[in-house]
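Secondary and tertiary structure notes
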Amino acid sequence: MNKRFFRVATAAVSAIALTASLAACGGDETAQSEEKELTISWYYSSGGGDAWERAIKLYKEQNPDITVNEVHTSFPQMQKNAQLTLQTDDAPDVAMYNQGTSSVGNLASQGILADLTEYAEQYGWTESLPNSIQTIAKYKADEGGIMSEDGGWYGVPIQGEFTLAYYNKDMFDQYGIAIPETFEELEAAMQSFVDQGVTPVAFEGNETAAQHLWYELALSKADRQWVNDYQSYEHDLDWNSEPFTYAAEKFAEWVDKGYIPNNSGGLVAEDMITQFCAGEYPIMFSGSWWFGRIQQDGAFTTVFRAFPGNENLSTGATGKLWVVPETSKHKDLAADFLNFLLSEDVQNMLATEAGLPFNATEDASLENLPEALKNPLGTFDDLQEQAMEFNSVFEMLLENDAIALYPDWPSAGMYDALNSALQGLINQNSTPEQATQEIQAAYDEGKAELGL
């Protein structure tokens, strides 16, 4: 495995060893419960290959004196309901939630999430995680929840993630089309599929695929300063500039040419991945989080590439953050569990499945994992070549300082506005200009709400 990904975290300390030493620190003691009970909420994927399901299984084995309650949710459910569910008296003690100012930052500014800075220092996360990754965990709660390296810890990242192009090589070979390496080759390949009666791209417009594609297209005409301006409001944006006009126009063009299914505006991510794994489409633009699912369900050879032409700026960041609601009465146990997720065993499990871990060892392998963490869907030998190829794409992006975050991060409301505007393009009910104006309106409203 590549050393860049699988280095040992010298400052990481075993969660089990720290449990006793942290029992009297971190958070208001009056808010802590003596009962050893922990409720964990995360985005769940059925089928036995869910990494967090296996991690929780091991945590239970190692902590038999803790009652662990599990709450299965989904990305759209949490995105829609987090503000309500994370501030109730029966909120989970630890939950997976979306990164960025518009999500974790927004809830931090409302006092819904606990500040984990003391735990970060006690457990050594401030030393074991790269600085750039730490920034995505930090937010200025008293300044609208803006993501900042000077903010408090309101989430804990466990792994990296990025968006890329997945190619069904068997379908490319079947239709005599080469795997594209450039943007021009990508468009030529999609047109070749259309000419042979095949819609090339598995897609959906209800969750993240549409907005991620729009952002990739914008990034292809942008630079790092544009990203800083869009994400952190360093300068005012010109919504008539090339990144915005090109992204909307090219997106609409791909729909018009039949590259993107014109019925995908009403589909969700599960529809998209199911269709891609079934071999119905040769291309999917989506996230690294689908790697294991494709290995499980896709009966074909998969090739991975960064989005063609976006080797210098590409959508991505950390994986979803794990947060602790302020209402939790078990904050010490919650922090203990989060440190467990950064432990060598869990990080090595992610390494064997191309999970882009931060603290795995160089010799991570299936045979060295605790039995509870072993993926029943495959062996390390089966996945090693694919995992190394997959990790190499992410490494290239990191080396190019290409990670450009996500398009819905700047402000609350951007997620829904992006999907609404892009559904208009998919359904061909709006023009590129109208879609861009809708996105701008939501961006400007969110910026104003932050007092900027």
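Residues numbered from 1 in each chain as written. Predicted model: local features only at pLDDT ≥ 70, side-chain atom pairs only at ≥ 80, totals over all residues. Heavy atoms only, no water.

As for the overall build of the protein chain
Short version of the rule: To qualify as a helix, a DSSP run of H or I must reach at least 4 residues; to qualify as a strand, a run of E must reach at least 2; elements of each kind are numbered from the N terminus. Each residue is assigned to one of three classes by its accessible area relative to the maximum for its type, calculated with a 1.4 Å probe on protein chains only: buried under 20%, partly exposed between the two thresholds, exposed over 50%. Contact between two residues is taken to exist if any of their heavy atoms lie within 4.5 Å; hydrogens are not considered. The Shrake-Rupley method, run with a 1.4 Å probe sphere, supplies the accessible areas, and residue values consider only the shown protein chains as cover.
Regarding its fold elements, the protein chain presents 19 helices and twelve strands. The buried share among the 452 residues of the protein chain stands at 58%. Looking at the protein chain alone, contacts between residues at least 24 apart form 77% of all its contacts between residues at least 6 apart. Accessible area for the protein chain stands at about 17,600 Å²; split by element, carbon and sulfur atoms hold 44% of it.

Description of the pairing of strand 1 (residues 37-43)
The following threshold applies: Here a strand pair is declared whenever DSSP counts at least two bridges between the two strands.
Burial of strand 1 is extensive: six of the seven residues sit out of reach of the surface. In terms of strand pairing, strand 1 meets strand 2 (residues 67-73) through seven bridges, oriented parallel. Across the sheet, isoleucine 40 pairs through a bridge with glutamate 70, a residue of strand 2. With two bridges connecting them, strand 1 and strand 3 (residues 94-97) associate as parallel partners. Across the sheet, the residue bridging to isoleucine 40 is valine 94, located in strand 3.

Things to note about the packing of aromatic side chains
Heads up, the rule is: Ring pairs shown here join Phe, Tyr and Trp side chains whose ring centres sit within 6.5 Å, with only the six-membered ring taken for Trp; geometry is labelled stacked below 30 degrees between planes, edge-to-face above 60, and tilted in between.
For the coordinates displayed, the defined rule picks out 38 aromatic pairs. Ring geometry for tyrosine 166 against phenylalanine 304: centres 5.8 Å apart, planes inclined by 80°, an arrangement best described as edge-to-face. Taken together, the positions of tyrosine 166 in strand 7 (residues 160-168) and phenylalanine 304 in strand 10 (residues 302-305) put the pair 138 residues apart, joining distant regions of the chain. In this structure tyrosine 166 comes out as buried when scored by relative accessible area, which is 0%. Residue class for phenylalanine 304 comes out buried when judged on its relative accessible area of 1%. Here the aromatic rings of phenylalanine 183 and tryptophan 254 are separated by 5.9 Å at their centres, their planes lie at 20°, and the arrangement is stacked.

Focus: the sheet that holds strand 5 (residues 146-147)
Note on sheets: strands pair through backbone hydrogen bonds, and any given pair is parallel or antiparallel. Read from one edge of the open sheet, three strands run 5-4-6, paired in antiparallel fashion. Two strands lie at the open edges of the sheet, namely strand 5 and strand 6 (152-153), each paired on one side alone. With two bridges joining them, strand 4 (residues 138-140) and strand 5 adopt antiparallel strand pairing. Paired with lysine 140 across the strands is isoleucine 146, a residue of strand 5.

Things to note about the sheet that holds strand 1
Here is the rule: To get an axis, a line is fitted to the C-alpha atoms, and for a helix only the part in contact is used. The angle between two axes follows their N-to-C directions and goes from 0 to 180 degrees.
Reading across from one edge, 2-1-3-12 is the order of the four strands in this open sheet, with mixed pairing throughout. Sheet topology places strand 2 and strand 12 (321-323) at the edges, where each strand pairs with a single neighbour. On average, each strand axis in the sheet is inclined to that of its neighbour by 20°, with strand direction left out of account. In the packing of helix 15 (residues 331-341) onto the sheet, contacts are made with strand 1, strand 3 and strand 12, and the angle to strand 1 comes to roughly 50°.

So, the nonpolar core
Rules: Throughout this description, the term nonpolar core refers to a set of buried Ala, Val, Leu, Ile, Met, Phe, Trp, Tyr and Cys residues connected via side-chain atoms within 4.5 Å.
Judged by nonpolar contacts, the single largest core of 81 residues is most densely connected at Trp214, Tyr230, Phe251 and Trp254. Leaving out residues up to four positions away in the same chain, tryptophan 214 has contacts with Tyr230, Phe244, Ala247, Ala248, Phe251, Pro407, Leu418, Leu422 and Ile439. In this structure, Met78, Trp125, Ala335 and Phe340 belong to the second largest nonpolar core, which totals 66 residues.

Quick word on the packing of helix 12 (residues 242-256) against helix 19 (residues 432-449)
Note the following rule: In what follows, roughly perpendicular refers to angles from 65 to 115 degrees, roughly parallel to angles under 35, roughly antiparallel to angles over 145, and oblique to any angle outside these ranges. By convention, the crossing between two helices is left-handed when the near helix turns anticlockwise from the far helix through less than a right angle, and right-handed when the turn is clockwise.
Relative to each other, helix 12 and helix 19 sit at 130°, their axes nearing to 9 Å. When the axes of helix 12 and helix 19 are compared, the pair comes out oblique. In this structure, helix 12 meets helix 19 at a crossing whose hand is right-handed. Note on element contacts: helix 19 touches helix 12 through Pro432, Glu433 and Thr436, opposite Phe244, Ala248, Glu249 and Ala252.

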